[in-house]
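Here is what each chain is made of, one letter per residue.
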Amino acid sequence: MAAGISFQDLRSRARRKLPRFAFDFIDGGAGNETALDRNEAAYRAQCLQPRILVNSDRALPLNRNFLGQSWSLPFGIPPIGLAGIAWPEIDLLLAAAAERAGIPYVASTPATVSLERLHEAAPNSAWFQLYVGKTQEITSDLLERARNAGYRTLVVTADVPRPGLRQRDARNGFSLPLKPRPALAFDLLRHPGWALRTARSGAPRFANLEPYASQGSSTQSLAQLMAGQSSGRLDWALLRQIRDGWSGRIILKGVCAPQDAARAVDAGIDAVWVSNHGGRQLSSAPAPLDVVPAIRRALPEGFPVALDGGIRSGEDMIKAIAAGADLVFAGRPFLYAIAALGPTGASRLIAQFTNELENTMAQIGWSDLDRRCGAG
């Protein structure tokens, strides 16, 4: 990646290379997108205090311990549904990049590559993200498959009781399979690279759900099956059942209220993940950066806290850690990086984030991510 390339650079390049419906699916948020805007605005409003005369003439440690595992960097790649709309089998590219970098990668239920293949690509880094759908048999089998594949950390997503109302997708008439329309044909002609890659590899499919569909099911049938995985069935009692049946660690994703964070501890959850689903569920949701201090205060000392939403740089990551997060996740930047730069985009973005993290630490006098200010 060229020195100094920014999130906005990647976003602009991705916008030029992706059809409008694909870019808007990745880029958009719920409703009038105020939650999406609020996520980023929270970081712009937050300052860091520079410190001087702190010797930083050395490699500053960026490693982070989380849930008993040492990670090389304090960030990871979150679950991203239907990521293959940006690049064929992008899930594998992300998993492999995370494994090389020694950071977490979270395989999504609506991934376009099966959870088994993703664990093979990232045996030391992969976690599995579960949507609890309407059909208990599918939920139970997904858990069994994850266990058999070797996953030891489960991320239960709790903030999708209904599908988010995303106006950009509605305006674009976006659905799977893509419906032939003159506007779509013109859009594809303007983006031949995306069109040719997709023609060669086939339209994105919900690979994890294919075993539960009848043989030869269409993309539309799989999409309808996936819609059933957005369910309001998940409650605290069902979460406790999942906890009792899963021998590994469980992270509860989608926490925005201190009361829910405290209750997660009582439910036996091992970590909470502060998130408003990237602003894609409720336009009035608060920014994760703004609520993480209160959530941290509601938890026992040292209880693990992850966070996503609005992170666009290594400097943003430091702000999130300063606010109380232990580990942070960035989603859209990785999709834009591969859409803009090709298969190496994820590794190049990881290198960029790493450089920004260390540079920011030097500017504010942090000797490491735990002791924080080396000047005392």
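Residues numbered from 1 in each chain as written. Predicted model: local features only at pLDDT ≥ 70, side-chain atom pairs only at ≥ 80, totals over all residues. Heavy atoms only, no water.

Topic: the nonpolar core
- By size, the foremost hydrophobic cluster in this structure holds 101 residues, and its most contacted members are Phe-75, Leu-94, Leu-118, Phe-128, Tyr-151, Leu-154 and Phe-334.
- It is helix 15 (residues 332-341) that provides the largest number of residues to this core, a total of eight residues.
- Membership of the second largest hydrophobic core comes to 12 residues, among which are Phe-66, Trp-127, Ile-251 and Phe-329. (Core = buried A, V, L, I, M, F, W, Y, C linked by side-chain atoms within 4.5 Å. Buried < 20%, exposed > 50% of the residue type's maximum accessible area, 1.4 Å probe, protein only. Helix = DSSP H or I, 4+ residues; strand = E, 2+ residues; numbered from the N terminus.)

Some remarks on the environment of Ala-325
- Inspection of the secondary structure assignment puts Ala-325 in the loop between helix 14 (314-323) and strand 10 (327-329).
- The class for Ala-325 is buried, based on a relative accessible area of 1%.
- Once you skip the residues sitting within four places of it in the chain, Ala-325 turns out to touch Arg-64, Val-292, Val-305, Leu-307 and Ala-320. (Contact = heavy atoms within 4.5 Å.)

Comments concerning the pattern of salt bridges
- One pass over the full model with this rule turns up 18 salt bridges.
- Of the charged contacts, one joins Arg-147 and Glu-144 as a salt bridge, the two residues approaching to 2.6 Å between their closest N and O atoms. Of this pair, Arg-147 and Glu-144 both sit in helix 6 (residues 136-149), separated by three residues, roughly a single helical turn.
- Classification of Arg-147 by relative accessible area gives partly exposed; the value is 26%.
- For Asp-187, the salt bridge identified is with Arg-190, shortest N-O distance 3.7 Å.
- With relative accessibility at 10%, the residue Asp-187 sits in the buried group. (Salt bridge = Lys/Arg side-chain N within 4 Å of Asp/Glu carboxyl O.)

Considering helix 2 (residues 20-27)
- With seven of its eight residues buried, helix 2 lies for the most part within the structure.
- Looking at the packing, one finds that the buried side of helix 2 touches helix 1 (7-17), helix 3 (34-45), helix 7 (167-172), helix 8 (182-189), helix 9 (192-201) and helix 15.

As for helix 15
- The buried fraction of helix 15 amounts to 10 of the 10 residues, a majority that puts the element mostly inside the structure.
- All of the buried residues in helix 15 are Arg-332, Pro-333, Phe-334, Leu-335, Tyr-336, Ala-337, Ile-338, Ala-339, Ala-340 and Leu-341.
- Where the residues of helix 15 are buried, they touch helix 1, helix 2, helix 3, strand 3 (75-76), helix 4 (90-101) and helix 16 (345-364).
- Looking one or two places after helix 15, you find Gly-342, whose phi comes out positive at around 90 degrees.

Read these as spatial facts, not as claims about activity.
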